[in-house]
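Working through the structure, step by step
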Amino acid sequence: MYEGVVQDLIDELGRLPNVGPKSAQRIAFHILQADPADVTRLAEVLLEVKDKARFCDRCGNVSQDSLCRICADPRRDQTSICVVEEAKDVVAVERTREFRGLYHVLGGAISPMDGVGPEDLRIAELMSRLSDGTVTEIIIATDPNIQGEATATYLSRFLKHMGIVITRPASGLPVGGDLEYADEVTLGRAFEGRRAVND
């Protein structure tokens, strides 16, 4: 609909998750009307994040170093690991201030419709973290939707022979929702009331 680079910008913005055509157009026109210094700063930050940001070698969380700040913190409880789908879910759980253990980011959820199976997730890395016997509890905090429930069921069956307590956050999280959109109180209560899944 627009000429040249403007349409190219709208098309590229439209490829971002949850950005539809109208939103892409609004963002594009905001950029067109913005101060050139602000646009330059945005471009520099985008390039810098691709250059400097990485994923933690241990848990898969977003980091600037080989270990994220949580894995590098000796005050964290080393006996409990909260398994989440994406790095953004770590932030959601941290906001509750209910969990003081470590995390493991799977990098997605089992979804046969999207061609994602257990072998596509960071399950092997989780197993290697459990091999020394330090961890006594795994909290499976995948999203309360079909893919998240399938992933939680697979993990609980896969891990139950290891003699580790496996829990899942309690009710209070809406089915079909995402952890990142849950408020702190709801997510905090869900963690307080988590239940065992390998009884």
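The paragraphs below set out a description of the structure included in this document. Keep in mind that this is a model prediction, so the values were computed, not measured. (Residues numbered from 1 in each chain as written. Predicted model: local features only at pLDDT ≥ 70, side-chain atom pairs only at ≥ 80, totals over all residues. Heavy atoms only, no water.)

**A few points about unusual backbone geometry**
Backbone geometry at Asn18 places phi at a positive 60°, although glycine is not the residue there. Position of Asn18 relative to the elements: it lies in the loop between α1 (4-14) and α2 (21-33). Residue classification places Asn18 among the exposed residues on the basis of a relative accessible area of 74%. Here Arg97, not a glycine, exhibits a phi torsion of approximately 60°, which is positive. In this structure, Arg97 sits in the loop between α4 (87-96) and β4 (101-105). (Helix = DSSP H or I, 4+ residues; strand = E, 2+ residues; numbered from the N terminus. Buried < 20%, exposed > 50% of the residue type's maximum accessible area, 1.4 Å probe, protein only.)

**As for the sheet that holds β4**
With mixed pairing, five strands are arranged side by side in an open sheet as β4-β3-β5-β6-β7. Taken across any chain shown, the strands that pair with only one partner, and hence form the sheet edges, are β4 and β7 (195-196). Looking at chain direction, strand β3 (residues 77-84) and strand β5 (residues 137-140) are connected through four bridges and run parallel. Bridging from a neighbouring strand, Ser80 pairs with Glu137 of β5. The strands touched by helix α5 (residues 123-130) within the sheet are β3, β4 and β5, with β4 carrying the most contacts at an inclination of about 150°. Sheet contacts for helix α6 (residues 146-159): β3, β5 and β6 (165-168); angle to β6, the most-contacted strand, approximately 170°. (Pairing = 2+ DSSP bridges. Contact = heavy atoms within 4.5 Å. Axes fitted to C-alpha atoms, helices over the stretch in contact; angles between N-to-C directions.)

**A short note on the pairing of β3**
Sheet topology note: the β3/β4 ladder contains five bridges and is parallel. For Cys82, the partnering residue across the bridge sits in β4 and is Tyr103.

**Quick word on the pairing of β5**
Both faces of β5 are covered, namely the face carrying Glu137 and Ile139 and the face carrying Ile138 and Ile140. Sheet analysis places β5 next to β6, joined by three bridges and oriented parallel. Within β6, the position partnered with Ile138 by the bridge is Ile166. Remark: the β5/α6/β6 crossover connection has right-handed handedness. (Right-handed = clockwise from strand over helix to strand, strands pointing away.)

**So, the environment of Gly176**
Summarising the element assignment, Gly176 is placed in the loop between β6 and α7 (184-192). Exposure remark for Gly176: the relative accessible area of 56% places this residue in the exposed category. With 29 residues separating them in the primary sequence, Gly176 and Gln147 have C-alpha atoms 9.5 Å apart. Not counting residues up to four positions away in its chain, the partners in contact with Gly176 are Pro144 and Asn145.

**Side note on the side chain of Asp73**
Positionally, Asp73 belongs in the loop between β2 (62-63) and β3. Among the residues examined, Asp73 registers a relative accessible area of 14% and is labelled buried. Not counting residues within four places of it along the chain, the set of residues in contact with Asp73 comprises Gln78 and Arg100.

**Description of the environment of Val91**
Locating Val91 in the fold gives a position in helix α4. For Val91, a relative accessible area of 48% gives the class partly exposed. In the structure, Val91 is positioned 30 residues away from Asn61 in sequence and 9.7 Å away in space, judged by C-alpha atoms.

**Focus: the packing of aromatic side chains**
The geometry of an aromatic ring pair is captured by the separation of the ring centres together with the interplanar angle, meaning the angle of the planes. Throughout the structure, instances matching the rule amount to three aromatic pairs. Aromatic pair Phe99 and Tyr103: ring centres 5.2 Å apart, planes at 75°, arrangement edge-to-face. When its relative accessible area of 5% is taken as the criterion, Phe99 is described as buried. An aromatic cluster is present here, built from Phe99, Tyr103 and Phe191 joined pairwise through their rings. (Phe/Tyr/Trp six-rings, centres within 6.5 Å; stacked < 30°, edge-to-face > 60°.)

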